[in-house]
Amino acid sequence: MICEMCGKEVPATKPVFIDKTKLNLCGACAKFGDEQRESKGTAQKGPSAQAIENRLQNRERRMQTRDIYSQKDSRHLRDDYGDVIKAARLDKGMSQEDFAASIGIKKGMLSKIEANNMIPEDKLVSRMEKALGISLMENVTYSGGTSGSSGGKMTLQDFIRRE
Ligand SMILES: [Zn+2]
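Note that the structure is predicted; figures quoted are calculated from it, not measured. Position numbers for residues start from 1 in each chain and track the written sequence from start to end. In keeping with the predicted nature of the model, local features appear solely for residues at pLDDT of at least 70, side-chain atom pairs appear and are counted solely at 80 or more, and the whole-chain, interface and lining totals rest on all residues.

Draft legend 1. Representation of helix H6 (residues 107-114) within the structure. Partly exposed residues are those whose C-beta has more than 12 but fewer than 20 other C-beta atoms within 10 Å; 20 or more makes a residue buried and 12 or fewer makes it exposed, with C-beta atoms placed from the backbone. The helix and strand labels rest on DSSP assignments: H or I over at least four residues marks a helix, E over at least two residues marks a strand, and numbering proceeds from the N terminus. When we look at burial in H6, the residues that qualify are Leu-110, Ile-113 and Glu-114. For H6, the buried positions fall inside an angular range of 95° around the axis, keeping them on one side. By the convention adopted here, residues make contact when the C-beta atoms placed from their backbones lie within 7 Å. Where the residues of H6 are buried, they touch helix H4 (81-91) and helix H5 (96-102). Remark: Asn-116 follows H6 within two positions and exhibits a positive phi of approximately 60°. Here, the arc refers to the directions that run from the helix axis to the C-beta atoms.

Put into structure tokens, the structure is as follows:
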């Protein structure tokens, strides 16, 4: 869940009223809420406008970063890249040695990649795609829907993992 004040991603948010507006906030921001203000006694006079302003600016920054990030990362390696590479390689009648040599990597590295035990870097991915005539990337839409090519396998876990 995303805190509506600072934009931080937290496991759970808390509904808090600030100026009669209900916001779902993270623990750190929740203390600016009206509920806490009343119980705090006389020392503090409630949320300082400046502190809230700072957090809102934080959120703005985070949201911008997120957008840039998600656009850049809208294509990502498919989950079953290892199987796809292996199948395409066998299809071409190439041994692991041959194929590894043709794309300039060690055989051991290729077998790790084919076993899904190693994520190849982008440059290597495109080299393999070209060599085998396959596509190892899939498009991801971040709006909740799927692009269709990923088979709807994106879950919340994927988002968290990639943060
Ligand atoms: Zn927050």
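Draft legend 2. Broad picture of H4. Those residues of H4 not exposed but buried are Tyr-81, Gly-82, Ile-85 and Arg-89. Taken around the axis of H4, the buried residues stretch over an arc of 100°, which confines them to a single face. Turned more than 90 degrees off the buried face of H4, the exposed positions are Leu-90 and Asp-91. Structurally, H4 contributes buried residues whose contacts are with strand E3 (75-77), H5, H6 and helix H7 (122-132). Immediately downstream of H4, the backbone of Gly-93 shows phi near 70°, a positive value.

Draft legend 3. Fine view of the environment of Arg-75. Tracing the backbone shows Arg-75 in strand E3. According to the C-beta neighbour criterion, Arg-75 is partly exposed, with 14 such atoms within 10 Å. When the C-alpha positions of Arg-75 and Glu-138 are compared, they lie 5.4 Å apart, and in sequence the two are 63 residues distant. Not counting chain neighbours up to four residues away, the residues in contact with Arg-75 comprise Met-137, Glu-138 and Asn-139.

Draft legend 4. Quick look at unusual backbone geometry. Not every positive phi belongs to a glycine, and Asn-116 is a case in point at roughly 60°. As for its position among the elements, Asn-116 is in the loop between H6 and H7. Under the C-beta neighbour-count criterion, Asn-116 is labelled partly exposed, with 14 such atoms within 10 Å.

Draft legend 5. Region of interest: the pairing of strand E2 (residues 21-25). Strand pairing follows a simple DSSP-based rule, namely that at least 2 bridges must link the two strands. Sheet topology places strand E1 (residues 14-18) next to E2; five bridges connect them, and they run antiparallel. Looking across to E2, one finds that Phe-17 is bridged to Lys-22. Taken together, E1 and the strand that follows it, E2, pair antiparallel across an intervening segment of two residues, in which Asp-19 is found at a positive phi of about 50°.

Draft legend 6. The arrangement of the environment of Asp-79 in detail. Positionally, Asp-79 belongs in the loop between E3 and H4. According to the C-beta neighbour criterion, Asp-79 is partly exposed, with 15 such atoms within 10 Å. Once the C-alpha coordinates of Asp-79 and Leu-136 are considered, the two residues, 57 residues apart in sequence, prove to be 9.0 Å apart.

Draft legend 7. Fine view of the confidence of the model for the chain. Confidence of the prediction at every residue is given by pLDDT, a number between 0 and 100. Predicted confidence across the chain gives a mean pLDDT of 79, with 71% of residues reaching 70 or more. Throughout residues 36-43 the model reports pLDDT below 50, and contacts reaching past four residues in sequence, or to other chains, amount to three contacts. Taken as a whole, residues 144-152 scores under 50 in pLDDT and shows ten contacts with residues more than four places along the chain or in a different chain.

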